[in-house]
Amino acid sequence: MDVSGTFRFDMMETVPAINDTYHYTTIIHLNVAGMEFTQTTSTNNF
């Protein structure tokens, strides 16, 4: 069984009370045959 794939999730949120915007990104890469798993998460404040 050889399974590969990448999942990416992007979300932007604005908080009017403090006039701030946040950007969230999560990337998950799977490769089952090679037993590889990578997760990357970042949060940016604009």
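Source: prediction; values computed, not measured.

1. Regarding the pattern of salt bridges
Summed over the entire model, instances satisfying the criterion amount to one salt bridge. A salt bridge links Asp-10 to Arg-8; its shortest N-O distance comes to 2.8 Å. With a relative accessible area of 39%, Asp-10 lands in the partly exposed category.

2. Quick look at the side chain of Thr-21
Note on placement: Thr-21 falls in strand 2 (residues 20–31). A polar atom in the side chain of Thr-21 sits 3.4 Å from the side chain of Thr-14.

3. Remarks on the side chain of Thr-25
Note on placement: Thr-25 falls in strand 2. Within the local environment of Thr-25, its side chain forms a polar contact with the side chain of Asp-10, the two groups lying 2.8 Å apart. Beyond its immediate stretch of four places on either side in the chain, Thr-25 contacts Arg-8, Phe-9, Asp-10, Thr-40, Thr-41 and Ser-42.

4. Some words on the pairing of strand 2
Here strand 1 (residues 4–15) runs beside strand 2; their pairing, made up of 12 bridges, is antiparallel. Each bridged residue has a counterpart across the sheet, and for Phe-7 the counterpart in strand 2 is Ile-28.

Criteria and thresholds
- Residue indices follow the written sequence of each chain, beginning from 1 at its first position.
- Given that the model is predicted, a residue must reach a pLDDT of at least 70 before its local features are reported, and side-chain atom pairs must reach 80 or more before they are shown or counted; all residues, however, enter totals for whole chains, interfaces and linings.
- Hydrogens and water molecules were not included; the side-chain quantities draw on all heavy atoms of the structure.
- Basic side-chain nitrogens of Lys or Arg form a salt bridge, by our definition, when they fall within 4 Å of a carboxyl oxygen of Asp or Glu.
- Only protein chains enter the accessibility calculation, which uses a 1.4 Å probe; a residue is then buried when its area is under 20% of its type maximum, exposed when over 50%, and partly exposed in between.
- Counting from the N terminus, the helices are the DSSP runs of H or I reaching at least four residues and the strands are the DSSP runs of E reaching at least two.
- For the purposes of these results, a polar contact is taken to be a pair of N or O atoms within 3.5 Å, where, inside protein, one atom must be able to donate a hydrogen and its partner to accept one; residues adjacent in sequence count only when each atom of the pair is a side-chain atom.
- By definition, residues are in contact when any of their heavy atoms lie within 4.5 Å.
- Pairing between two strands is assigned when DSSP locates at least 2 bridges connecting them.

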